[in-house]
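Take a look at the letters that make up each chain.
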Amino acid sequence: MEAPLAERIRPQKLEDYISQAHLVGENGSLTHQIAKGIVPSLIFWGPPGTGKTTLAQIIAQESKRPFYILSAINSGVKDIREVIEKAKQSGGLFTAKNPILFIDEIHRFSKSQQDSLLAAVEKGWITLIGATTENPSFEVIPALLSRCQVYVLNAFSKNDLENLLQRALTTDVFLKEKSISLKETEALLRLSGGDGRKLLNIFELVINASESDEIEITNDKVLHLVQKNTVLYDKTGEQHYDIVSAFIKSIRGSDPNGAVYWLARMIEGGEDVKFIARRMLILSSEDIGNANPTAFIMANNTFQAVSTIGYPESRIILSQCAVYLATSPKSNASYLAIGEAQKTVKLTGDLPVPIHLRNAPTKLMKELGYGDEYQYAHDYANNFSNQEFLPDAIVNTAFYVPGNNSRENGTRDFLKNRWKEKYGY
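Here the residue numbers are simple positions, counted from 1 along each chain's written sequence. It should be noted that, the model being predicted, local features are given only for residues of pLDDT at least 70 and side-chain atom pairs only at 80 or more, the latter also being counted only at that level, while totals for whole chains, interfaces and linings use all residues. Note that water and hydrogens are dropped before the side-chain values are worked out from all heavy atoms of the structure.

### As for the overall build of the protein
Part 1: The secondary structure content of the protein amounts to 21 helices and 7 strands.
Part 2: For the C-alpha atoms alone, the extent of the protein along its principal axes is close to 80 × 55 × 45 Å.
Part 3: For every residue, the accessible area (1.4 Å probe, protein chains only) is compared with the maximum for its type, and the residue is labelled buried under 20%, exposed over 50%, or partly exposed between those bounds. Each of the 425 residues in the protein was classed as buried or not, and the buried ones make up 43%.
Part 4: Positive and negative side-chain charges in the protein, numbering 46 and 49 respectively, have mean positions lying 4 Å apart. Counting from the N terminus, the helices are the DSSP runs of H or I reaching at least four residues and the strands are the DSSP runs of E reaching at least two. Neither His nor the chain ends contribute to the count of charged residues, in which Lys and Arg are positive and Asp and Glu negative. One atom stands in for each charge, and that atom is NZ of Lys, CZ of Arg, CG of Asp or CD of Glu.

### Regarding helix α9 (residues 158-171)
Part 1: Expected helix span is given by 1.5 Å per residue-to-residue step, counting one fewer step than there are residues. When the terminal C-alpha atoms of α9 are compared, their 20 Å separation across 14 residues agrees well with the 20 Å that a helix rising 1.5 Å per residue should span.
Part 2: Within the sequence span of α9, burial applies to D160, L161, L164, L165, R167, A168 and L169.
Part 3: Working rule for contacts: check all heavy atoms of both residues, and any pair within 4.5 Å makes them a contact. Taken together, the buried residues of α9 touch α1 (5-8), β6 (179-182), α10 (186-192) and α11 (196-208).

### Here's the deal with the pattern of salt bridges
Part 1: Salt bridge, as applied in this entry: a Lys or Arg side-chain nitrogen positioned within 4 Å of an Asp or Glu carboxyl oxygen. Under the criterion given, the structure shown has 15 salt bridges.
Part 2: Between D172 and R8 there is a salt bridge whose closest N-O contact spans 2.6 Å. Within this pair, whereas D172 is found in the loop between α9 and β6, its partner R8 is found in helix α1, the two being separated by 164 residues in sequence.
Part 3: Of the charged contacts in the structure, one is a salt bridge between R252 and D287, with a shortest N-O distance of 2.9 Å.

### Quick look at a nonpolar patch on the surface
Part 1: Nonpolar side chains (Val, Leu, Ile, Met, Phe, Trp, Tyr) are joined into patches within 5 Å and like charges within 9 Å, using only residues with over 30% relative accessible area and no salt bridge. For every accessible area listed, the method is Shrake-Rupley and the probe measures 1.4 Å; residues are considered covered only by the protein chains on display. A contiguous nonpolar surface patch, about 320 Å² in accessible area, is contributed by Y374, Y376 and F389.
Part 2: Along the chain, F389 falls in the loop between α20 (363-367) and α21 (406-419).
Part 3: Taking the relative accessible area as the measure of exposure, F389 reaches 40% and is therefore partly exposed.

### Some thoughts on the side chain of T54
Part 1: Note that T54 resides in helix α4 (residues 52-62).
Part 2: Exposure remark for T54: the relative accessible area of 9% places this residue in the buried category.
Part 3: Pairs of N or O atoms are called polar contacts if they sit within 3.5 Å, as long as, within protein, a hydrogen donor faces a hydrogen acceptor (for residues adjacent in sequence, only side-chain-to-side-chain pairs). There is a polar contact of 2.6 Å between the side chain of T54 and the side chain of R10.

Laid out in structure tokens, this is it:
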């Protein structure tokens, strides 16, 4: 059977690897380690189709090490131990030939499976390279995480994706036999979502749908063919991020019907319950916030509950939370506030803390007046004193602007009563 295009043009050398310049570019954090063949245990964290598996294979090849690969989906503790035994027999401890064990989707490994790797990593029988689309801080046990360096892989940029298409056209033996014109690429790039494998899958789908060897790629042709073959991408998990995006946007848009539909799509596809719950937890703060603070508590309790209760029962808990969030009043005021504050910090740098707000743990600091003019709010009427809490350079700057909902309208009145015209509330 003919291999997919993404597999046929998979790079074999570091110089042919596209994207992730921050890791493997000229001054990349991994470039010199790979060149020397001294590579620590790593975890690659990034979206699908960003080259995690390819980079692991290249590292093994460039450093001339034996390479073993396991998938967390269909491997158990027994499989791990078998590979570790093979690795112990094929390489010496902490030598240049120390075998590499690559584990795809390591976030799907249970605690016991991850525990079974600890001794091998600690004693140098293997160099572990794990790949995950999930935050390793949540999904990798601390003992294993502390023994690995975490490297973040980014979604492919527009330039990366265009380079990937050109490589396919110039290096693939099958495509070189055809006359292919890339008249329009916007639809290809947009549908890929920064996923290189998805881009090549869609591109190959369009090529194979043509009966002629002379093919012109247009946006209309790409969109028409992808819509007819949506199921293809569902089966391979390619719509993973598209569907969770639709789910979140349905909740943000206060549509419980859209929310439970996309939730059902994820449940039927076997999506990780914690992945779904984590997205709702983020949304509860980003999109609801102080319009209904209970939403965050609800989402956090949902995350805790589904972490201990699997399918099928957890679907009920997820549905309850999704409907609650969708029918809650919405506010992104806190989200916008921290964004504006971070923007100001980047523009103004490390502004000095006003002396009346400084801590004075030593005698010298007290003598210098640290904290002298601080007004303890509880000593004043209504537990409030009109004093300045921002550096001199940015006084009167309002980062938080309450949203237009019943709870935050009350917050606006509270702030206006306290601060009068100072922040424009």
